[in-house]
Amino acid sequence: MRVLLRARPPSAAMRHDYGVGVRADGPEGIDVERVGTWLVDNVPGAAPPFTYELIAGGHSNLTFKVTDAEGTHRVLRRPPLGHVLATAHDMGREHRIIAALGPTSVPVAPALGFCDDADVNGAPFYVMGFVDGFILRDADTVRHALDDDARKRAGDDLVDVLATIHDVDPDAVGLGELGRKEGYIERQMKRWYSQWEKSKTRELRQIDDVYHHLMAHIPPQQGASIVHGDYRLDNCMVGADGRIAAVLDWEICTLGDPLADVGLLMVYWTGPDDWEGGLAMSATAVEGFPNRADLLERYTKTSGRDLVDIDFYTSFAFWKLACIVEGVYARYLAGAMGSGRGGFEMFKVQVERSAAHAAEIAQRVQ
């Protein structure tokens, strides 16, 4: 049973000050009394009292582990604290996606309920089932959680699940209006180049050169699929056997070119024998994981899609990452994310490294 509280979504032009619902016995971002009452009224089997543990937080969505009196775990997701664009942290949209994918073969956490009444907790939130497993962000966690066979299986299953996502008919599951289906890459490039122009802290010719080169060589889109938008191993819950137990973080999911997800996976995946990609300390560089070429070969066999243009999509993914991180760097320099300004040079370095990778790979795009 899924419980939905429906109301008109906030206007795209509206901004919300998602304040802090604080009780002495609860963490920042949770109004213990009101959220507890909502859980009892809207999530079947929820037994008070509840305890809340912050799993992930920061300037993205906040994720809390909720434990009830019977020891049952659930997960609550809400927007970050502070002044943010409502459309950038659309809880209703994220809940809608995992609810629609629940009956499919895509592994997602069960969608249990959505609350759009900001009086309950200062912001909309949704609740999903708790999925046990590992988030593999570093080499030490990988070595502790997975043996060599499980690491190989994790890489293979990550690709198979991505192909499964791309095989879902958006119209058949009620997600046909999630976004425009055609012209995805062109829209993305125009959007992020505009963001670059607004936020850049210095000139970086590679960003301009790659933009113009890729815009002139956009390959034909191979169908319109659900695009996760941030698909990588550490955005999945992985079981001890290496299987993907749940795909997480659907907040920027839309419809479009499925190969954009594949290109991004190439950025964030660094196999044991691969050159360094988008993450300086990649968990997937541990022995036992497949290399990028292995992933591409498996995706081709599993999905049936032609990857002859994968250099385009990989260059695009590095270029887009550079544009996104530049925006983060600019906000830090402006003091928007706190008064301290130390330690932010890593963002500048990541922008320049990603732009260099994008430019190098773009040379192979004809």
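Residues numbered from 1 in each chain as written. Predicted model: local features only at pLDDT ≥ 70, side-chain atom pairs only at ≥ 80, totals over all residues. Heavy atoms only, no water.

*Asks:* A description of the packing of helix α8 (residues 259-268) against helix α10 (residues 310-333) should follow, citing residues and the corresponding values.
*Replies:* Contact pair α8 / α10: the axes reach a minimum separation of 8 Å and the direction vectors enclose 65°. When the interaxial angle is binned, α8 and α10 end up roughly perpendicular. Considering the relative orientation of α8 and α10, their crossing is right-handed. Between α8 and α10, the residues in contact are L259, A260, V262, G263, L264, M266, V267 and Y268 and I310, Y313, T314, A317, F318 and L321, respectively. Partitioned by chemical class, the residues of the contact of α8 with α10 number twelve nonpolar, two polar and no charged. (Axes fitted to C-alpha atoms, helices over the stretch in contact; angles between N-to-C directions. Helix = DSSP H or I, 4+ residues; strand = E, 2+ residues; numbered from the N terminus. Parallel < 35°, antiparallel > 145°, perpendicular 65-115°, else oblique. Left-handed = near helix turned anticlockwise from the far one by under 90°. Contact = heavy atoms within 4.5 Å. Nonpolar A, V, L, I, M, F, W, Y, C, P; charged D, E, K, R; others polar.)

*Asks:* Can you lay out empty space enclosed by the protein for me, pointing to particular residues and giving the numbers?
*Replies:* If a probe the size of a water molecule is rolled over the atoms, the empty space left behind becomes visible. For the structure on display, the rule yields one cavity of 30 Å³ or more. In this structure, the largest cavity encloses a volume near 40 Å³. Lining the largest cavity we find V159, L162, V262, L265, M266, L295, L296 and Y299. At the level of secondary structure, the elements contributing two or more residues to the lining of the largest cavity comprise α5 (148-167), α8 and α9 (292-303). (1 Å grid on protein atoms, 1.4 Å probe; cavity = no way out; pocket = protein on both sides within 12 Å on 5 of 7 lines; lining within 4 Å. Points joined across faces, edges and corners; volume = space filled by probe spheres on them.)

*Asks:* Describe the confidence of the model for the protein chain, listing the residues and the values that go with them.
*Replies:* Confidence in the prediction of the protein chain, expressed as mean pLDDT, is 89, and 87% of residues score 70 or more. Between residues 1-24, whose pLDDT stays under 50, and residues either more than four places distant or in other chains, the model counts 62 contacts. Of the regions scoring below 50 in pLDDT, residues 83-87 engages in 15 contacts with residues more than four places distant in sequence or in other chains. (pLDDT = per-residue confidence, 0-100.)

*Asks:* Help me get a handle on α10, residues and values and all.
*Replies:* Look at α10: 35 Å from first C-alpha to last across 24 residues, which is about the 34 Å you get at 1.5 Å a residue. In terms of burial, α10 is largely enclosed, as 20 of its 24 residues are buried. (Expected span 1.5 Å × (residues − 1). Buried < 20%, exposed > 50% of the residue type's maximum accessible area, 1.4 Å probe, protein only.)

*Asks:* An account of unusual backbone geometry is requested, with residue identities and associated values reported.
*Replies:* The omega torsion of the bond from P48 to P49 falls at 0°, within 30 degrees of zero and hence cis. Considering the arrangement of structural elements, one finds P49 in the loop between α1 (32-42) and β3 (51-56). Although it is not a glycine, D249 adopts a positive phi angle of roughly 55°. Position of D249 among the secondary structure elements: in the loop between β11 (244-247) and β12 (254-256). Look at D249 and you get partly exposed, because its relative accessible area is 24%.

*Asks:* Break down the side chain of S282 for me, citing the residues and quoting the values.
*Replies:* Here S282 lies in the loop between α8 and α9. Residues in contact with S282, not counting those within four places in the same chain, are Y268 and T270.

*Asks:* Explain α8 to me, using residue names and the numbers behind them.
*Replies:* With ten of ten residues buried, α8 lies mostly within the body of the structure. Tucked into the core, α8 has its buried residues touching α5, α6 (184-199), β9 (225-227), α9 and α10.

*Asks:* Please set out the packing of aromatic side chains residue by residue, giving values where relevant.
*Replies:* Per the counting criterion, the structure on display carries eight aromatic pairs. Ring centres of W269 and F289 lie 5.5 Å apart, and the angle between their planes is 90°; on these two criteria the pair is classed as edge-to-face. A residue pair is termed long-range when its members are at least 10 positions apart, and W269 in the loop between α8 and α9 and F289 in the loop between α8 and α9 qualify at 20 residues. Neither W269 nor F289 differs from the other in exposure class; each is buried. On the basis of an interplanar angle of 25° and a centroid distance of 5.1 Å, the ring pair of Y332 and F347 is categorised as stacked. (Phe/Tyr/Trp six-rings, centres within 6.5 Å; stacked < 30°, edge-to-face > 60°.)

*Asks:* A description of the pairing of strand β4 (residues 62-67) should follow, citing residues and the corresponding values.
*Replies:* Summarising burial for β4: six of the six residues are buried, a large majority. Here β4 shows no split at all, with L62, F64 and V66 on one side and T63, K65 and T67 on the other all buried. Bridge count for β3 against β4 is five bridges, and the pairing is antiparallel. From the neighbouring strand, L54 faces β4, where its bridge partner is F64. Pairing geometry for β4 and strand β5 (residues 73-78), over six bridges, is antiparallel. Looking across to β5, one finds that F64 is bridged to L76. Counting the residues in the hairpin turn of β4 and β5 gives five residues, including G71, whose phi is positive at 85°. (Pairing = 2+ DSSP bridges.)

*Asks:* Could you give me a rundown of the packing of helix α7 (residues 205-215) against helix α11 (residues 345-362), with the residues and numbers involved?
*Replies:* Interaxial distance between α7 and α11 falls to 9 Å at its minimum, and their mutual angle equals 35°. Between α7 and α11 the crossing geometry is left-handed. Across the interface between the two elements, Q206, I207, V210, H213 and L214 from α7 touch E352, A355, A356, A358, A359 and A362 from α11. Grouping the amino acids of the contact of α7 with α11 by side-chain chemistry returns eight nonpolar, two polar and one charged.

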